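Summary of the model geometry
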Amino acid sequence: MPIIGTVGARSVKTRFAYACIFAALGIGALTMLYPLSLMLDGSVKSEADAYLITPWPEFWFDDGVLFQKYAESKHNATLDLCSESWGEPLANWRLAKEPAPVAAEVIADWRAWRATPEALALGTLGHVSGARLLPKNARLFRSAQMERYGGDLAAYRAATGALAPGWASVSPPAERIGRFRNRASAPALLAAFAEFKQTAPREDLFFPNPDWEYGRYLAGLRGDTSPAAAAGVSIQRFAPLEEGPEETERWETFVRTRAPLDCLRLSESAAASAGLPRTLAEDPGLRTKWETFLKSPECRVEDIEVYGPRERFADFRASLGRSPEEVAATPPLGAVAARCDWEDCMAAKKALRREFTSRNYKQVVQYVAMHGNGLRNTAIYCSLAILVSLLVNPLAAYALSRFRMPGTYHVLLFCMATMAFPGEVSMIPSFLLVKRFPLVPLCAAIVALSATFVLLGRVKVRPRGRAAGGPERMPDGFRLLFGILAALAVGGAVGALLGPRRSHVSLLNSFAALVLPGAASGYFIFLLKGFFDSMPRELYEAAEIDGAGEWTKFWHLAMNLSKPILAVIALGAFTGAYGAFMMALVTIPDQRMWTLMVWIFQLQSASHGAVVYASLVLAAIPTFAVFALCQNVIIRGIVVPTEK
């Protein structure tokens, strides 16, 4: 029956009151949605846009923010690499703005040169690493290796020599280490990455910039540590003999000790006399001999040539038939690379927005999929927790509600007392219990309790003060009391006779260690007892007249009429088991038995904050789905006990 009648609801004051109520509820809903939107926005961020606190991702609508994220991802989340590639200092990703325009002809020539095998060998592949995120090429490389070796991690390790404890730790090797191409990793792993690099889009490449490195070298000689000190420097292709011995000495020192080795070339005569290739790209295996000769006095300064991306691009443009004036007017390498990156980003805006939106979620999903035991273990754990909770707690509550034992009040008081302490308080006792579980004494105690209860049921006693009538069966309360005393005595005696080594077993690394400590809940027992107490006693009496036993009354009557409250109990057991982390980590040392929450914690401890948000969003989906699908039953379980 509604509180306000139909006639009263038509008045202006009542409608205004309704409007105020719904407005307050709407505002409350918005206050809940706003933090959720911030969390969803945080789940798609990276270092480039982490400073933006908005309810929606800015890169969805702002091309400038999208370009910043693209620059970060392409240059492997390293500002120094981006500064070197673009030839301009970047203190943070927010400074990555739209570059100055470059002639379309130059951009077209740059893209044509970028597609050559020479550029592929010289360039560094982007989107392979970055600030504990998993960019697209890192994911694709891992997937390619998993497909190649059929998901057999041992075969991958044996073939590549990589030290990977799991597929989640498989990542592309670093291509450049200082002035060297990476030769420290296992040759088979480098060969696998080189094969993968052949299939990557050429717009994912970025290149070393000897001009930038030379500028940093000269700034270091001057003691200038400002970020802009290396900008605007252009190293000469050959030794600047005409500018004086001091400048020549600096140039020579730089190319012999600091310049990237794959950006240098020897003269034909020097290479022939030393029996070496002119460039390292021709035979990377001769790096040690090639570098030793480069630093030796036999290699004259006139025999060394800077032959980096700028020089190669100029030669390529000349081979296309560009005039010497056009080649000489080519903008600096960094300006061309930056402008081309901008145009590549703008040409693939939709794909990039999808990638940056789903990247962190893909990382979480791949991580969880690679530890598939976590999903299986979580499903088994949650199912067992729900089953045990729906069996143990209703049995205890039914006994307290039906039999009216003398100590019922004290039992309820004990159940309520457990609600006053957090679960962490019982963690150490629970761990010690499952580590040394008294299985044999417990079995002996159960047998003693059952035998005592049954045997005393055959004993006939005459109630005191009753003149007429024959002897009756001993009351159930006394039978249970004597049974408990017998169980304690027999269990203690068996434990003392066998000793702790033979009478105790370890339940660690088993589902029993997860389920048993939380099998009985004081709150659930208290809630169920109140629900059972509200059921009419006439129902039990009618069932007794029909010949129903106690188990029949419990299962077919009490449990059948308690579905709403049992749904609440099941939801509580599910959420408790699904979100269990610390106890699962403590009692399950074996990684093969870890649940999903333990694996997510491991992921969060070594991932970017945005990945943490993404993992929390995905982890909340099962609980939300359970509530959304079962909300009618759950609401009835919450409302019906209150109404009763």
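Below: a short report on this structure. As the structure is a computational prediction, the values presented were derived from the model and not from experiment. (Residues numbered from 1 in each chain as written. Predicted model: local features only at pLDDT ≥ 70, side-chain atom pairs only at ≥ 80, totals over all residues. Heavy atoms only, no water.)

Next up on the list: the overall build of the protein. Scanning the protein from N- to C-terminus turns up 30 helices and eight strands. In terms of C-alpha radius of gyration, the protein reaches 37 Å, well past the compact-globule figure of 26 Å for 644 residues. For the protein, the C-alpha atoms occupy an extent of roughly 135 × 80 × 45 Å along the three principal directions. For the protein, the proportion of contacts with a sequence separation of at least 24, taken over those separated by at least 6, is 72%. Accessible surface computed for the protein: about 33,700 Å², of which carbon and sulfur atoms make up 65%. Taken together, the 66 basic and 57 acidic charged side chains of the protein have centroids lying 16 Å from each other. (Helix = DSSP H or I, 4+ residues; strand = E, 2+ residues; numbered from the N terminus. Rg over C-alpha atoms; globule rule 2.2 N^0.38 Å. Contact = heavy atoms within 4.5 Å. Areas by Shrake-Rupley, 256 points an atom, 1.4 Å probe, with all protein chains shown as cover. Lys, Arg positive; Asp, Glu negative; His and termini not counted. Charge placed at Lys NZ, Arg CZ, Asp CG, Glu CD.)

Considered as a void within the structure, the second largest pocket measures approximately 580 Å³ in volume. Forming the walls of the second largest pocket are 23 residues, and the residues nearest its centre are Ala121, Arg181, Arg183, Ala194 and Pro284. Every element with two or more residues in the lining of the second largest pocket is listed here: helix 5 (117-122) and helix 8 (187-199). (1 Å grid on protein atoms, 1.4 Å probe; cavity = no way out; pocket = protein on both sides within 12 Å on 5 of 7 lines; lining within 4 Å. Points joined across faces, edges and corners; volume = space filled by probe spheres on them.)

Applying the stated criterion across every chain yields a total of 27 aromatic pairs. Here the aromatic rings of tryptophan 110 and phenylalanine 207 are separated by 5.5 Å at their centres, their planes lie at 80°, and the arrangement is edge-to-face. A residue pair is termed long-range when its members are at least 10 positions apart, and tryptophan 110 in helix 4 (residues 104-114) and phenylalanine 207 in the loop between strand 4 (205-206) and helix 9 (210-222) qualify at 97 residues. For the pair tryptophan 110 and phenylalanine 207, a shared accessibility class is recorded, and that class is buried. Each member of the aromatic cluster is reached from another via a ring pair, and the members are Tyr398, Phe532, Tyr540, Trp551, Phe554 and Trp555. Across from the ring centre of phenylalanine 356, 5.4 Å away, lies the NZ or CZ of lysine 69, which sits over that ring. (Phe/Tyr/Trp six-rings, centres within 6.5 Å; stacked < 30°, edge-to-face > 60°. Buried < 20%, exposed > 50% of the residue type's maximum accessible area, 1.4 Å probe, protein only. Lys NZ or Arg CZ within 6 Å of the ring centre and 35° of its normal.)

Across its 21 residues, helix 29 (residues 609-629) extends 31 Å between first and last C-alpha, which sits within 8% of the 30 Å expected from 1.5 Å per residue. Where helix 29 bends most, the angle comes to about 30°, and this point is isoleucine 621, followed within four residues by the proline proline 622. Those residues of helix 29 lying buried are Ala610, Val611, Ala614, Ser615, Val617 and Ala619. Buried residues along helix 29 sit against helix 1 (12-42), helix 16 (349-370), helix 26 (563-578) and helix 28 (596-605). (Expected span 1.5 Å × (residues − 1). Bend = angle between axes of the 7 residues up to and from the residue.)

A word on the side chain of glutamate 291. When you line up the elements, glutamate 291 lands in helix 12 (residues 287-295). The class of glutamate 291 is buried, set by a relative accessible area of 13%. Residue contacts for glutamate 291: discarding those within four places in its chain leaves Arg179, Phe180 and Leu261.

Looking now at empty space enclosed by the protein. Considering all chains together, one arrives at three cavities of 30 Å³ or more under this definition. Every residue along the wall of the largest cavity is listed here: Lys74, Ser85, Trp110, Arg114, Leu205, Phe206, Phe207, Ala337, Cys340 and Asp341. Taken together, the elements giving at least two residues each to the lining of the largest cavity come down to helix 4, strand 4 and helix 15 (333-347). Considering each element in turn, the lining of the largest cavity owes the most residues, three residues, to helix 15. Counted by class, the lining of the largest cavity contains six nonpolar, one polar and three charged residues. (Nonpolar A, V, L, I, M, F, W, Y, C, P; charged D, E, K, R; others polar.)

The backbone of alanine 77 sits at a positive phi, close to 55°, despite the residue not being glycine. Inspection of the secondary structure puts alanine 77 in the loop between helix 2 (63-74) and helix 3 (79-86). By relative accessible area, alanine 77 is classed as partly exposed at 23%. Of note in the backbone geometry, asparagine 509 takes a positive phi value of approximately 60° without being a glycine. Taking the relative accessible area as the measure of exposure, asparagine 509 reaches 32% and is therefore partly exposed.

What the rule picks out here adds up to 35 salt bridges. Close ionic contact of lysine 45 with aspartate 41 constitutes a salt bridge, the shortest N to O distance being 3.2 Å. By relative accessible area, aspartate 41 is classed as buried at 2%. The closest approach of N and O atoms between glutamate 213 and arginine 216, which form a salt bridge, is 4.0 Å. Of this pair, glutamate 213 and arginine 216 both sit in helix 9, separated by three residues, roughly a single helical turn. Accessibility expressed as a relative area gives 15% for glutamate 213, which makes it buried. Taken together, the shared-partner salt bridges in this structure form one network comprising Glu98, Arg111, Arg114, Arg339, Glu343 and Asp344. (Salt bridge = Lys/Arg side-chain N within 4 Å of Asp/Glu carboxyl O.)

Now for a nonpolar patch on the surface. A contiguous nonpolar surface patch, about 600 Å² in accessible area, is contributed by Phe478, Leu481, Phe482, Ile484, Leu485 and Leu488. A residue is classified by how much of its surface remains accessible, and leucine 488, at 61% relative accessible area, is exposed. (Patch = residues over 30% accessible without salt bridge, like charges linked within 9 Å, V, L, I, M, F, W, Y side chains within 5 Å.)

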